[in-house]
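Structural overview for review
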Amino acid sequence: DVTGVQTGALPIYRTRAPWPPEYDPAFRGLAPLLARRACEIACERQRLAFLTERLNGLAPEEWSAVLIADPAFHSWPFGEWLIDESRRRLDDDLVRAGELARCAVAVAEALDPDGAYGAALVNDLRARAWAGLGEVRRRTSDLRGAGEAFANAEAWIARGTGDALEEVQILELKAVLVRDLDRAAEAHHLLDEVIAVYRQYRDFHLLGRAFIQKGRVHGRDNELERAIGWLRQGLGLLDPQRERCFGLSARHSLMLYLTESGRPREARFLLKASRPDFLHCGSPLLTLRMRWLEGKVYDALGFVAEAERALLDARQGFADLGVGFSAAAVSLDLAGLYAAQGRAAEMRSLAEEILPIFQSRDLHREAIAALIAFQQASRMETLSTQLRTEVRAGLDRVRQDPKLRFDPL
């Protein structure tokens, strides 16, 4: 409240506190408390570089025990750093991303809710840490574990600050998990909630990201034209400097769906235009997916030798990185190539190695049946035209299985 007292030509103003006088003692004590809390937070941020250096000096198997036992690591900035670093490693080192995510959960759970940040903010950080761990588990195909992590994230965020952006970024990650669980309607519903909030906050990059996730849900359901439309809208909104790997993976998804929808020439044009960005900025896994996509495009265009070379490169690269399921999935495309050429020996070799891998991943029965038929047929030294056609059709059905699509996000 402001009152004016007229003295001469100019008014002199004095302020009156906007609270009853009896509250003055409480507010006088608040200033030192806020100053002390601000000092504590500033000191924690100054120690961050020291803590990260200490962590990097430990063997990864020692991380969890040390972080839980040593209170020096129980700080908000360090927990936030662990979450961000885990997210940054998702595209190039899932093992390290997982280690960091587990440490982030341990640190967030160890924070004192009565400390400098308060319970609500601590709960937000715990929710973010659990969501990060859920995303790592999803990418490593531990869908059950991912679901448990997201359940914890939602429990903590319900007791947090109520920040809408915090909540919907967890919902966005959960929607991707729900997509992988083949619950498309639920995934679309979650993403519609996310889009509404991003629109409200006018963050066009995040809005573009949500559009891309909508496109991937449609792609998983083989609604390829809808997928292409959402992806193109999303790519037009992304800020390429904010999440470079995500933008590249979105372009990869667009080119994949163009190829699968019978438009390989468009995909090839975009692939040639995108190649420098993939080679310069893409993670090793994303660069291998680009090479795999090149094989698919060449095969669709009838360039058999180029397709085989690209698929062999991708297959070997995935194997070198220890990503056995991706290597086996590339083998399916190679098998289709060999089936069309009647190369029974190569087909037999591929069949013997890929069926056990796919059986361990809980594909639906039709897909497994097609693979078994392929394995039995490939044991023959020669294949009739009719049998070759049937095997190729079976392989095509397997390749259309949504679980064999590899969109990193």
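Residues numbered from 1 in each chain as written. Predicted model: local features only at pLDDT ≥ 70, side-chain atom pairs only at ≥ 80, totals over all residues. Heavy atoms only, no water.

Here we come to the overall build of the chain. On a plain count of helices and strands, the chain comes out with 18 helices and two strands. In the chain, which comprises 409 residues, the share counted as buried stands at 45%. Summarising the internal contacts of the chain: among those between residues at least 6 apart in sequence, 62% fall at separations of at least 24. Of the roughly 20,100 Å² of accessible surface on the chain, 54% is carried by carbon and sulfur atoms. (Helix = DSSP H or I, 4+ residues; strand = E, 2+ residues; numbered from the N terminus. Buried < 20%, exposed > 50% of the residue type's maximum accessible area, 1.4 Å probe, protein only. Contact = heavy atoms within 4.5 Å. Areas by Shrake-Rupley, 256 points an atom, 1.4 Å probe, with all protein chains shown as cover.)

What follows deals with the pattern of salt bridges. All chains considered together, the criterion is met by 30 salt bridges. In this structure, the salt-bridge partner of Arg-87 is Asp-84, at a minimum N-O distance of 3.2 Å. Of this pair, Arg-87 and Asp-84 are both found in helix 3 (residues 76-89), three residues apart, which corresponds to roughly one turn of the helix. On the basis of relative accessibility, which here comes to 44%, the residue Arg-87 falls in the partly exposed class. Using a relative accessible area of 37% as the deciding quantity, one classes Asp-84 as partly exposed. Residue Asp-313 is joined to Arg-291 by a salt bridge in which the shortest nitrogen-to-oxygen separation is 2.8 Å. Linking Asp-313 in helix 14 (residues 304-320) with Arg-291 in helix 13 (residues 284-301), this pair joins segments that are 22 residues apart in sequence. (Salt bridge = Lys/Arg side-chain N within 4 Å of Asp/Glu carboxyl O.)

Attention now goes to the layout of surface pockets. Considered as a void within the structure, the second largest pocket measures approximately 840 Å³ in volume. What lines the second largest pocket is a set of 33 residues, and nearest its centre among them are Arg-87, Gln-169, Leu-173, Arg-209 and Glu-243. The class makeup of the residues in the lining of the second largest pocket is twelve nonpolar, six polar and 15 charged. (1 Å grid on protein atoms, 1.4 Å probe; cavity = no way out; pocket = protein on both sides within 12 Å on 5 of 7 lines; lining within 4 Å. Points joined across faces, edges and corners; volume = space filled by probe spheres on them. Nonpolar A, V, L, I, M, F, W, Y, C, P; charged D, E, K, R; others polar.)

Across all of its chains, the model carries six aromatic pairs by this definition. With 5.9 Å between their ring centres and 15° between their planes, Phe-78 and Trp-81 make a pair best called stacked. Within this pair, Phe-78 and its partner Trp-81 are both found in helix 3, separated by three residues, close to a single helical turn. What makes Phe-78 buried here is its relative accessible area of 0%. An aromatic cluster of at least three residues, connected via ring pairs, comprises Phe-73, Phe-78 and Trp-81. (Phe/Tyr/Trp six-rings, centres within 6.5 Å; stacked < 30°, edge-to-face > 60°.)

A few words now on empty space enclosed by the protein. Summed over the entire model, instances satisfying the criterion amount to one cavity of 30 Å³ or more. Estimated volume of the largest cavity: approximately 30 Å³. Forming the boundary of the largest cavity are Ile-83, Ser-86, Ala-101, Ala-104, Arg-128, Ala-129 and Gly-132. At the level of secondary structure, the elements contributing two or more residues to the lining of the largest cavity comprise helix 3, helix 4 (94-110) and helix 5 (119-139). Residue contributions to the lining of the largest cavity peak at three residues, all from helix 5. Residue composition of the lining of the largest cavity, grouped by class: four nonpolar, two polar and one charged.

The next point concerns the state of the cysteines. Going through the model one piece at a time under the given rule, you end up with zero disulfides. Between Cys-245, a free cysteine, and Cys-281, which holds the nearest cysteine sulfur, the sulfur-to-sulfur gap is 8.0 Å. (Disulfide = S-S within 2.5 Å.)

Turning next to unusual backbone geometry. Across the chain, the bulk of peptide bonds are trans and the bulk of non-glycine residues have phi less than zero. Here Arg-202, not a glycine, exhibits a phi torsion of approximately 55°, which is positive. You can see Arg-202 is positioned in the loop between helix 8 (184-201) and helix 9 (204-220). Residue classification places Arg-202 among the exposed residues on the basis of a relative accessible area of 60%. For Asn-222, which is not glycine, the phi dihedral falls at a positive 60°. On the secondary structure map, Asn-222 appears in the loop between helix 9 and helix 10 (224-237).

Another aspect to go through is the confidence of the model for the chain. Averaged over all residues, the pLDDT of the chain equals 82, while 75% of them reach at least 70. Long-range and interchain partners of residues 1-10, a stretch whose pLDDT sits below 50, account for 15 contacts in this model, where long-range means more than four residues apart. Confidence over residues 381-385 falls short of pLDDT 50; this stretch has six contacts with residues more than four positions distant or in other chains. (pLDDT = per-residue confidence, 0-100.)

Next up on the list: the environment of Leu-224. Residue position: Leu-224 is located in helix 10. The class for Leu-224 is buried, based on a relative accessible area of 13%.

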